[in-house]
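A closer look at the structure
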Amino acid sequence: MTWKGGWPVSIETEEPYSPGWWLLTLGVKLHERRAGIRGKYKFARHGLKPNRVRPGLDLLADYLAGDPPLREDIHSEWSAPFRQFLRMGRMNIAPKLVSSTTNRMGLRDFRTAAVDDELGDLKARDLMRHNKLKLRAREVHDNMLGLGDAYTIVTPPDDTRAWSLITSESPLECITAHDPATGETLAGLKMFRDEIENADYAYLFLPGELYVARCDVPTSTLFTGRRWALSSRWEWDYDRWDDIPGNKVAMVRFQNKNGVSEIEGELNTLDRINDKLFNEWWIGKIQAFRQRAIVMAEEDDEVPPSADGDEAADPMEMSDEEWAQVFTSAPDAMWKLPKGAEIWESKETNTQQLTESIKGELQWLAFTASKPLHLITPDAANGSAEGASTQKEEHTFELWDRQDRADASWAETMAMAFEFQGDTDRADVSQIEVIWGPTQLHSLQEIGETVSKVNGVLPWEAIMTDVMQYSPGDVVDRLRPQRSRDMLSDAAAKAAAERRAAPAGG
């Protein structure tokens, strides 16, 4: 153990590419990416500075959670109550930009080199069920498109289970380093807080090795004013160290297009929409009760009676409380006005133009994000069929692009899982193919018409999966046995009919 600055340092970080060096390097990069720091610029979750390069993951996560930053130009004396009104004036649009694509990225099965079956590999299907991978895949795709990156960690079998464990990991806790030439993963880090043990843990994945560090102090990372740094209280937890089979880095990255979130380029538009929504809502709020006033000529000398009606009072000297008593709002109230006085009432502000402006912003948002308009604004049915079809096609192209980007990472994840299980036949990553669910849903009428046209042209399995949109698992586990029983029953009925039709003694 060495000493630095009065604190014990049990992890050596000076030697390049050593475990300690990777822990420091990746740990700093992880926190910079979360906070959105590039050089001297720091981007807080509330109140972004104008010279931003890219927003941090914490900020993107706030938008996806429906908690975008509030305006900072609020007078200090009434900022506290006004913030509640600001929160009520926001609309959670950002998740729609992500879910409109991820909802159509259903992971169904895998094909491997071990089985020449168009309907998927049974062993791969068993591994998926053990890991609840259809649900985990949705989490991976949400992180990939929502935050720009997603990760899976593959853990080899142990005494408690006979299969490899596949987990979905958030980029808020994970980061990887890659060879710039080949894209090969050089190292991976998961850093998280264990609330039960009240400690921070760092799992460092290197080829064939897992290193674990622990920090028991409340602040395991800190911002020095110029960059992030790790606390010197981190120590290796040698009891948790382990070997990884196959000299693998057991963390796989799923990277979105250009490594950015689907909402990253739309933050200004989302802020503008929320600002207009708040203005419309606030105008309606303050005009819920119209303002009224008494207009009196200066030469009028008649004054209304006081609250008790005994003597007159000078209107110019009456307090607000006295006026409120004179003009009491009640079903049986009778107001007596001075001679020549008139009641003035404020007019309602027309917000129609503001409402139409918000609709226009939503339309441009759908255009720039390549999303069908009906997914963002509910009254998009008035648009032309040709425009809707073009927008739908663009979204389908985008969906295919995201599936292609996830294909390789899912193949790598499954190949690693099979290798950890000792199944080398299925561990060939180049022979693993992802089977995706349907990207579009069709009506029963459309499906029936298509089946009648392709029946006898396509194989029965292709009709069931590609036209009827059944999953490969349903076809193998349920439909195939039922079809076999129906065919046997039909053959038996046909044979019995032929016997009955045959001439006696034939």
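Heads up: the structure comes first, above all this text.
The following paragraphs examine the structure supplied in this document. As the structure is a prediction and not an experimental result, all values here were calculated from the model.

1. Some words on the side chain of T152
Its place among the elements puts T152 in strand β4 (residues 149-155). Within polar-contact distance, the side chain of T152 engages the side chain of T413 at 3.0 Å. The contact partners of T152, leaving out residues within four places of it in the chain, are V140, I166, T167, A250, M251, V252, F254, W410 and T413.

2. Details of empty space enclosed by the protein
According to the stated counting rule, one finds one cavity of 30 Å³ or more in the structure shown. A volume near 50 Å³ is recorded for the largest cavity. Considering the residues around the largest cavity, the lining is formed by Y63, P68, M91, N92, I93, A94, L270 and N274. Tallied by class, the residues present in the lining of the largest cavity amount to six nonpolar, two polar and no charged.

3. Notes on the environment of E14
Its place among the elements puts E14 in the loop between β2 (7-9) and α1 (19-35). Overall, E14 belongs to the exposed group, its relative accessible area being 57%.

4. Some thoughts on helix α12 (residues 460-467)
Residues of α12 that are buried include every one of A462, I463, M464, T465 and V467, and no others. Count one or two residues on from α12 and you reach Q469, which has phi positive near 65 degrees.

5. Here we look at the environment of A415
Turning to its location among the elements, A415 is positioned in helix α10 (residues 385-420). The exposure class of A415 is buried, given its relative accessible area of 6%. A sequence separation of 303 residues divides A415 from T112, and the C-alpha atoms of the two residues are 9.1 Å apart. Beyond its immediate stretch of four places on either side in the chain, A415 contacts A427, V429 and I432.

6. A short note on the sheet that holds strand β5 (residues 165-169)
Strands sit in the order β5-β4-β14 across an open sheet of three strands; the sheet is antiparallel. Each edge of the open sheet is held by one strand with a lone partner, namely β5 and β14 (251-255). Between one strand axis and the next, the sheet turns by 20 degrees as a mean value, whatever way the strands run. Direction of pairing for β4 relative to β14: antiparallel, over a ladder of five bridges. Paired with I153 across the two strands is M251, which belongs to β14.

7. A word on the nonpolar core
With 80 residues, the main nonpolar core has L23, L107, F110, F205, W410 and M414 as its most contacted residues. The dominant element in this core, judged by the number of residues it contributes, is α10, at ten residues. In contact with L107, not counting residues within four places along its chain, are M128, L133, K134, A137, W410, V434, I435 and W436. Listed in part, the nine residues of the second largest apolar core include L119, V454, V467 and V476.

8. Examining the pairing of strand β6 (residues 174-178)
Of all five residues that make up β6, five are buried, and the element is covered over most of its length. Alternating residues of β6 divide into C174, T176 and H178 and I175 and A177, and every residue in both groups is buried. Here five bridges tie β6 to strand β7 (residues 185-194), and the two strands are oriented antiparallel to one another. Looking at β7, one finds that A177 is bridged to A187. The loop that links β6 with its antiparallel partner β7 comprises six residues; one of these, G183, has a positive phi angle of about 80 degrees.

Rules and cut-offs
Residues numbered from 1 in each chain as written. Predicted model: local features only at pLDDT ≥ 70, side-chain atom pairs only at ≥ 80, totals over all residues. Heavy atoms only, no water. Helix = DSSP H or I, 4+ residues; strand = E, 2+ residues; numbered from the N terminus. Polar contact = N/O pair within 3.5 Å; in protein donor to acceptor, adjacent residues only side chain to side chain. Contact = heavy atoms within 4.5 Å. 1 Å grid on protein atoms, 1.4 Å probe; cavity = no way out; pocket = protein on both sides within 12 Å on 5 of 7 lines; lining within 4 Å. Points joined across faces, edges and corners; volume = space filled by probe spheres on them. Nonpolar A, V, L, I, M, F, W, Y, C, P; charged D, E, K, R; others polar. Buried < 20%, exposed > 50% of the residue type's maximum accessible area, 1.4 Å probe, protein only. Pairing = 2+ DSSP bridges. Axes fitted to C-alpha atoms, helices over the stretch in contact; angles between N-to-C directions. Core = buried A, V, L, I, M, F, W, Y, C linked by side-chain atoms within 4.5 Å.

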